[in-house]
Amino acid sequence: MRDLDLVQKKYDLAKADYKSFGVDTEKAMAALDTMAISLHCWQGDDVRGLEDGAGDLTGGIMSTGNYPGIATNISELRQDVDKAMSLLPGKQKLNIHAMYPDFAGELPDRDKLTIEHFQGWIDWAKEREIGLDFNPTIFSHDMFKDGMSLSHPDEKVRKFWIDHTIATREISNEIGKQLGIKCINNIWIADGMKDTPADRASVRRRLKDSLDKIFEKKYDNDYHLDCVECKLFGIGSESFVPGSHEFYMGYAMEKGIGLTLDSGHFHPTETISDKISSVLLYIDEILLHVSRGVRWDSDHIVNLTDDTKAIARECVQNGTDRIHMGLDFFDGSINRLASWVIGTRAFQKALLIALLEPKAIVEAEENMDFTIRHALMEESKQLDWGSVWDMYCIKSGVPLGYDWLLEVKKYETDVQFKR
Ligand code: RNT
Ligand code: ZN
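The structure reproduced in this document is the subject of the present report. (Residues numbered from 1 in each chain as written. Chains lettered and ligands numbered in written order. Predicted model: local features only at pLDDT ≥ 70, side-chain atom pairs only at ≥ 80, totals over all residues. Heavy atoms only, no water.)

The next thing to look at is the layout of surface pockets. In this structure, the largest pocket spans a volume of roughly 540 Å³. The wall of the largest pocket is formed by 19 residues, among which K309, R313, I353, E357 and K381 lie closest to the centre. Taken together, the elements giving at least two residues each to the lining of the largest pocket come down to helix 9 (306-318), helix 10 (336-355) and helix 12 (370-379). The greatest single-element share of the lining of the largest pocket, amounting to 5 residues, is contributed by helix 9. Of the residues in the lining of the largest pocket, the class split is 11 nonpolar, 1 polar and 7 charged. There is about 440 Å³ of room inside the second largest pocket. Considering the residues around the second largest pocket, the lining is formed by 23 residues, among which T34, A36, K91, K93 and I181 are closest to the centre. Looking at the lining of the second largest pocket, the elements that each hand over two or more residues are helix 3 (74-86), strand 2 (92-95), strand 3 (131-133) and strand 10 (323-327). (1 Å grid on protein atoms, 1.4 Å probe; cavity = no way out; pocket = protein on both sides within 12 Å on 5 of 7 lines; lining within 4 Å. Points joined across faces, edges and corners; volume = space filled by probe spheres on them. Helix = DSSP H or I, 4+ residues; strand = E, 2+ residues; numbered from the N terminus. Nonpolar A, V, L, I, M, F, W, Y, C, P; charged D, E, K, R; others polar.)

Here is the structure:
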């Protein structure tokens, strides 16, 4: 257990130090408290979902590892989410997928889902006073054929997925209305080709046509936001993905909808941090899927890397009113709820570091003094943001440092390993 007196002393010193750089640590903590991070429910069960016969993850994404204690039903999943959230400071939302219904009766196929299949989640979120985000699930299903869904040449296949996605927009809007917190419905499709296509244009035309049908109905933007997520490649779609960055950037602009930027969906050396300020000039709201690719779009747990810090810095700089921050990774090789805690805390730390950045850095740039800018960027790295983070955890009533891990270890023995 950490020594609280020591934490207080270290915080007082850090506060004074930051003050000498013109930074108010209390204000930074208060700002961090308003920034909701959307936790992706699918980390809890390796993207299996809760439908009958759930289990086979297809569609170019993959969770590896078989750490014991995986959540196998809705109560276990919720129990784990609750536990994770109890170890996280600040605000959260929960991001659910259409393959995670909460329904006791006979479930219709995905094209016929309605709000009644998700009402339980709304009630659950209401009790916790948190928002929900939503996603059509356009993978792990028989109607995902030949590696295609909304862009498939067969009209019946397209129609199934169009109807499914229309249903999820309706559900998302209702979730947002009932909770009074905007629900983001993110559309990602796994469509693509393993090898070089002969006719890219037709595939993309079909995808556009399907999306046009999906977006025919307009919703009030207060409760629901449509987002589209591009991708460079996936497993089995190494050579071609119709929903590329250009495709969706253009589409989102044309339709006035949101764009999702996932850290793993670009070339390995391309970063989403640099894209945020560009796309916000043309698109009103964006959703981030903060993730960490290792050599490829591997969906590793978010860590406090330079890349994560750069993304958080852009969020703070551009203002989080138009940037929705979500996480997207899946790791079954370690305790699955620990993954949520590690990844969320890492991103929150990155946000805190950004909020604590001395204004003098931007001012130096405004004065065209790149020497000061560069020097200060380096110097500010040694400011003691860690002590501010510890104080933030104390104020939020959550465990400090890796004290949270002791709780996870106890929970896995008492709960997860007994499943
Ligand atoms: C896949 C996309 C997508 C999914 C989730 C489960 O590459 O990143 O966001 O991870 O929909
Ligand atoms: Zn994603």
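Taken together, W42, I61, H97, W188, E229, K231, D262, H265, H289, D297, D328 and F330 form the complete shell of residues around ligand 1. K231 is positioned with one of its side-chain polar atoms (N or O) 2.7 Å from an oxygen atom of ligand 1. Within the side chain of H289, a nitrogen or oxygen atom sits 3.1 Å from an oxygen atom of ligand 1. Protein contacts shield 99% of the accessible area of ligand 1, which totals 310 Å² for the unbound molecule. In the shell around ligand 1, the residues fall into 4 nonpolar, 3 polar and 5 charged. (Near = heavy atom within 4 Å. Polar contact = N/O pair within 3.5 Å; in protein donor to acceptor, adjacent residues only side chain to side chain. Areas by Shrake-Rupley, 256 points an atom, 1.4 Å probe, with all protein chains shown as cover.)

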